[in-house]
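The chain contents come next:
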Amino acid sequence: LLEPNMAITTFPTVENCASIGREKHTVVADMDGTLLRGRSSFPYFALIAFEVGGILRLLFLLLASPIAGILYYFVSESAGIQVLIFATFCGMKISDIESVARAVLPKFYATDLHPESWRVFSACGKRCVLTANPRIMVEAFLKDFLGTDLVLGTEIGTYKGRATGLVLKPGVLVGNDKAGALRKAFGENQPEIGLGDRHTDIPFMELCKEGYIVPPKPEVEAITNDKLPKPIVFHDGRLVRKPTPLMALLLILWIPIGFPLACLRIAAGSLLPMQLVYYAFWALGVRVTVKGNPPPPVKKSSGESGMDPFYFFMNPSPAYEVNFLNKLPSELTCSSGKSSHEVANYIQRVIAATLSYECTSFTRKDKYRALAGNDGTVTEKPRLKANKVMGC
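Right, let's walk through the structure included here. (Residues numbered from 1 in each chain as written. Predicted model: local features only at pLDDT ≥ 70, side-chain atom pairs only at ≥ 80, totals over all residues. Heavy atoms only, no water.)

Quick look at the packing of helix 2 (residues 42–74) against helix 3 (residues 77–89)
Between helix 2 and helix 3, the least distance of the axes is 7 Å, while the angle of their chain directions is 155 degrees. The pairing of helix 2 with helix 3 is recorded here as roughly antiparallel in orientation. The handedness of the crossing between helix 2 and helix 3 is right-handed. Residue-level contacts link Phe42, Phe45, Ile48, Ala49, Arg57, Phe60, Leu61, Ala64, Ala68, Leu71 and Tyr72 of helix 2 to Glu77, Ala79, Gly80, Ile81, Val83, Leu84, Ile85, Phe86, Ala87, Thr88 and Phe89 of helix 3. Here the contact of helix 2 with helix 3 is built from residues that sort into 18 nonpolar, two polar and two charged. (Axes fitted to C-alpha atoms, helices over the stretch in contact; angles between N-to-C directions. Helix = DSSP H or I, 4+ residues; strand = E, 2+ residues; numbered from the N terminus. Parallel < 35°, antiparallel > 145°, perpendicular 65-115°, else oblique. Left-handed = near helix turned anticlockwise from the far one by under 90°. Contact = heavy atoms within 4.5 Å. Nonpolar A, V, L, I, M, F, W, Y, C, P; charged D, E, K, R; others polar.)

Take a look at the structure:
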């Protein structure tokens, strides 16, 4: 145990790495504990488990995590990570994993970027990340938001569009396997900078011209979203905070209480007369704040679209803030000659200003590409001929 730690001390810390004049240099960095402040990848596995597989998959991952921890610290780093990969991905559709990696994980990854590592990483002309995490899980964020040119990660097995939970050769990229992946990718070309944070990163760092250690400093402030090459605009997840093991446990324990409570709150909002809804919500722990001048009473819808309101009402103490905006001036309506697009864009700008948001130039297709990886177009299936008989 002493030898790896002694070896780490032979590398200077990342604060000593110059970032000026690195435009033609190549940097190779580990992810957890290096590019990210957090050294544990459990929260990101938990996000995929919950968003794709639901609460039961999250429970399975949580039950498997003690086994993963024992293997990680007392047997091998690779074995512990393999348990997390199996518990998280086994049986999941590859398309679902890719969707969550694209639409949910970037928001959480971006709030955990290490400032010193990012200073060096962003200064280099060519950027490579070498990580034990499954490539399918991290590639979207690293390439789309950090401008990473090459992602070398653990490859997971697939069968008929679903993950098997097993890993492909050479296995989980740790230790010498990381060094092997680096040699295979770069050949005789030696990268200028290697960034790591633990003794199993030493083999690949020794293949670089310069090696720097990122010391564990959980108190260091993460970089802000505006410092990213591409800001995080979309977030399609249901969890507000990163699910640490403790938070995941509390979430699971809350479900038996939160589920019937959400049903009761939705029933109160849908079935009670409007004048009683406010008091019912107050009694059930929902706080409603109304700003502006409400319009005359209108017929209230009895249904809710989608599951988002349901998840919202599962919070212990959800809060609604309803802000009634001023009536649209007649000169800005369609009846005065404005097109529907002009009216819609104006209303969106007013709503954004009220919420302190910034409007983007994204179209509907842009939003679909960012969140779902397609332009939202549904291909019409060919219709059956009139004389085609189904069944028997």
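Moving on from the model shown.
Quick word on the pattern of salt bridges
Applying the stated rule across the entire model yields 15 salt bridges. The salt bridge involving Asp30 is made with Lys178; its shortest N-O contact spans 2.9 Å. Of this pair, Asp30 sits in the loop between strand 1 (26–29) and helix 2 while Lys178 sits in helix 8 (residues 176–186), placing them 148 residues apart in sequence. Lys178 matches Asp30 in its accessibility class, with the two residues each being buried. Its salt-bridge partner being Glu116, residue Arg119 comes within 2.8 Å of it at the nearest N-O pair. Taken together, the residues Arg119 and Glu116, both in helix 6 (residues 115–123) and three residues apart, mark about one turn of the helix. With a relative accessible area of 24%, Arg119 lands in the partly exposed category. Here the salt bridges share partners, and the residues they tie into one network are Arg135, Glu139, Lys143 and Glu155. (Salt bridge = Lys/Arg side-chain N within 4 Å of Asp/Glu carboxyl O. Buried < 20%, exposed > 50% of the residue type's maximum accessible area, 1.4 Å probe, protein only.)

Considering the packing of aromatic side chains
Two descriptors summarise a pair of aromatic rings, namely the distance from one centre to the other and the angle between the planes of the rings. Following the criterion strictly, the structure yields ten aromatic pairs and no others. Ring plane angle 70 degrees and centroid distance 6.0 Å describe the contact between Phe45 and Phe89, whose orientation is recorded as edge-to-face. One end of the pair, Phe45, is in helix 2; the other, Phe89, is in helix 3, with 44 residues separating them in the sequence. Residue Phe45 shares its accessibility class with Phe89, and that shared class is buried. What links up through ring pairs into an aromatic cluster is the set Tyr44, Tyr109, Phe141 and Phe145. Geometry around Phe145 places Lys230 over its ring, the cationic atom sitting 5.2 Å from the centre. (Phe/Tyr/Trp six-rings, centres within 6.5 Å; stacked < 30°, edge-to-face > 60°. Lys NZ or Arg CZ within 6 Å of the ring centre and 35° of its normal.)

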